[in-house]
Amino acid sequence: MSNIHLYLGDSAVDHLVQYCQKQRYDRFLLVADHNTYAALGQRVEESLKDCGWDVKSVVFQEKEVVPDEDFIFQVLLQAGADERAYLAVGSGTLTDIARFASHRTRRPFISIPTAPSVDGFTSPSASLVVRNIKVTVIAHPPSAVIADLPTLAAAPQPMIAAGFGDILGKAIALADWKLGHLLWDEPYSAEIAARVRQTLDRCIAAAPEIGQASPAGVEKLMDSLIDSGLCMLDFGNSRPAAGAEHYMSHFLEMKLLREGRPAVLHGAKVALCSILTAGLYQQLRQVSRKEAERRLQASTLPDRAADIADIHTAFGPIADKLVVEQAPFLNMTPAAYEQLKGRVLAHWDALQELAALVPSPDKMADLLRQAGGVTTAAGLGLSDEEVDQALRYSHLFRNRFTICKLGRILGLEPYGNSLS
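Now for a description of the structure that goes with this document. Remember, it's a predicted structure, so these values are computed and weren't measured experimentally.

### As for the overall build of the chain
- Assigned secondary structure in the chain consists of 21 helices and eight strands.
- Taken along the three principal axes of its C-alpha coordinates, the chain extends 75 × 40 × 40 Å.
- A total of 420 residues make up the chain; the buried ones form 56% of that total.
- Taking as baseline every contact in the chain between residues at least 6 positions apart, the subset at least 24 positions apart corresponds to 79%.
- Carbon together with sulfur atoms contributes 50% to the accessible area of the chain, which is approximately 17,200 Å² in total.
- Counting 41 positive and 49 negative side-chain charges, the chain places the centres of these two groups 4 Å from one another.

Encoded structure:
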């Protein structure tokens, strides 16, 4: 288990001061934007200065903050050569900027969330944008996550719903993770999977409270986000909490970046993509063993050249990198593909059990509505065509086995004939 210091309650600023005294931190670099500074950052700054401590603050005034070279440089420019603890006052983007900058300057950082919008607060990796390309960079986890419950409960409802959406996506991630273990020999931890399942179930049960942004509901949501992040940290990567729904979200995010369009909250995209991938699991439940045998017999090895062309069409500037990433799939021989199909049939009962654990698309949409989330592409400023592209092409993004890859083998819609 990780040793990150955690606090979630009504006295976060006082607790922060006590924690810093114990750690003997007395010089700080506070990173916020104009919204998060007003919500909590100014109070943090004043409380630390009241202790006689040295605080520098970087408060971004831009309408949209992106974790790219420009914003990271602004932080590094203010950091100087002093030994300072970084304070990330905000949600995912600001946390990743501070995470990366503090890691590269070999300084600790403390996460002070202002919205329960993502599960990456405890992550050791920073999700950055480099030359308009989404990349994940190894950095370090915070020494502490200190969250003020009243501030979290006062966050904009779309951000609260995005946090719920990020957790709802674990229904897909858990199933995909077990798929990858059974069919692709991916490392798996039953203990960590059980922890993620408990986190998901608790959050689902609290959906109405979360939708009302009640302190009790937001506390349960934030607990779930922290627990999910700790599961990833303890396992060593994002596999326990990210599957096809996240790769679809990444596809859409990079498309928006390339086209210079407004960002969409990560958890909101994950939630929408979870509804769509739940549809694939619903199709899987409708396939009998006899039908699976027929489909597998008819399934042929995907055309390597066509897949590479799809990678270039879908991912543009990072296509060459993804061709390398996808080599284990792209370079499969006919014999290896036959062996993979054999494993699908050998594990058919287990696959059906997995599919039964995934809520139906209608149930996923209902839960998201209860939490105040958006359930349509148009509601997020996306087109149905773009979301369909994400469903078709996102399996080419990671060397991980997901329901989308299984859907190709079995000919599930949109990869083959519909079962309806």
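### Some words on the pairing of strand β2 (residues 27-33)
- The element β2 is extensively covered by neighbouring structure, given that six of its seven residues are classed as buried.
- Examined bridge by bridge, β2 and strand β3 (residues 54-60) share seven bridges and lie parallel to one another. Its bridge partner being in β3, D33 is matched across the sheet by F60.

### Things to note about unusual backbone geometry
- At the junction of E413 and P414, the peptide bond is cis and its omega measures out at 15° in the coordinates.
- With respect to the helices and strands, P414 occurs in the segment after α21 (403-410).
- A positive phi angle, near 60°, is found at D185, a position not held by glycine.
- Phi angles above zero are rare outside glycine, and A213 is one such case at about 55°.
- Considering the arrangement of structural elements, one finds A213 in the loop between α9 (207-211) and α10 (215-235).

### With respect to the nonpolar core
- Core analysis: the biggest nonpolar cluster contains 126 residues, and F164, F315 and L406 have the highest contact counts within it.
- Leave out the neighbours within four places in its chain, and L406 touches L179, L183, L284, V344, L351 and F401.
- Counting 24 residues, the second-largest nonpolar core is a separate cluster that includes Y7, L16, Y19 and A85.

### Overview of the packing of helix α6 (residues 157-168) against α10
- Put simply, α6 and α10 touch, their axes get as near as 10 Å, and they point 45° apart. The pairing of α6 with α10 is recorded here as oblique in orientation. Pair α6 / α10 crosses with left-handed handedness. Residues I160, G163, F164 and I167 of α6 pack against V218, L221, S224, L225 and S228 of α10.
- Among the residues making up the contact of α6 with α10, the classes are represented as six nonpolar, three polar and no charged.

### Remarks on the environment of H312
- Position of H312 among the secondary structure elements: in helix α14 (residues 304-315).
- By relative accessible area, H312 is classed as partly exposed at 39%.
- Residues within four places of H312 in sequence aside, it is in contact with A319 and D320.

### What about the pattern of salt bridges?
- Counted under the stated rule, the structure contains 25 salt bridges.
- Ionic pairing is found between D96 and R99, a salt bridge with its closest N-O pair at 3.2 Å. Of the two residues, D96 and R99 are both situated in helix α4 (residues 92-104); the distance of three residues between them amounts to about one turn of the helix.
- Look at R99 and you get buried, because its relative accessible area is 0%.
- Of the charged contacts in the structure, one is a salt bridge between K170 and D166, with a shortest N-O distance of 3.5 Å.
- A relative accessible area of 1% places K170 in the buried class.
- Shared partners join several salt bridges into a network, and the residues in it are R27, D54, D82 and R84.

Reading the values: rules and limits
Note on numbering: residues in each chain are counted from 1, in written sequence order. Under the rules for a predicted model, residues below a pLDDT of 70 receive no local features and side-chain atom pairs below 80 are neither given nor counted, while totals for whole chains, interfaces and linings still include all residues. With hydrogens and water set aside, each side-chain value is computed from the structure's full complement of heavy atoms. Working definition: helices are DSSP H or I runs of at least four residues, strands are E runs of at least two. Numbering for both runs from the N terminus. Classification of residues uses two cut-offs on accessible area relative to the type maximum, computed with a 1.4 Å probe and protein chains only: under 20% is buried, over 50% is exposed, and between them is partly exposed. Contact definition: two residues touch when any of their heavy atoms are within 4.5 Å. Calculation of accessible area relied on Shrake-Rupley with a 1.4 Å probe; when residues are assessed, cover is drawn exclusively from the protein chains displayed. For the charge count, each Lys or Arg is scored as positive and each Asp or Glu as negative, with His and the chain ends excluded. Here the site of a charge means NZ on Lys, CZ on Arg, CG on Asp, or CD on Glu. For two strands to count as paired, DSSP must find a minimum of two bridges between them. The set of buried Ala, Val, Leu, Ile, Met, Phe, Trp, Tyr and Cys residues whose side-chain atoms join them within 4.5 Å is what this entry labels a nonpolar core. Axes here mean lines fitted to C-alpha atoms, for a helix over just the part in contact, with angles spanning 0 to 180 degrees between N-to-C directions. What sets the label is the angle itself: under 35 degrees gives roughly parallel, over 145 gives roughly antiparallel, 65 to 115 gives roughly perpendicular, and the rest give oblique. Note on convention: the crossing is left-handed when the near helix lies turned anticlockwise from the far helix by less than a right angle, right-handed when the turn is clockwise. Only Asp, Glu, Lys and Arg are considered charged in this grouping, and only Ala, Val, Leu, Ile, Met, Phe, Trp, Tyr, Cys and Pro are considered nonpolar; every other residue, Gly among them, is considered polar. Here, a salt bridge means any side-chain nitrogen of Lys or Arg that lies within 4 Å of a carboxyl oxygen of Asp or Glu.

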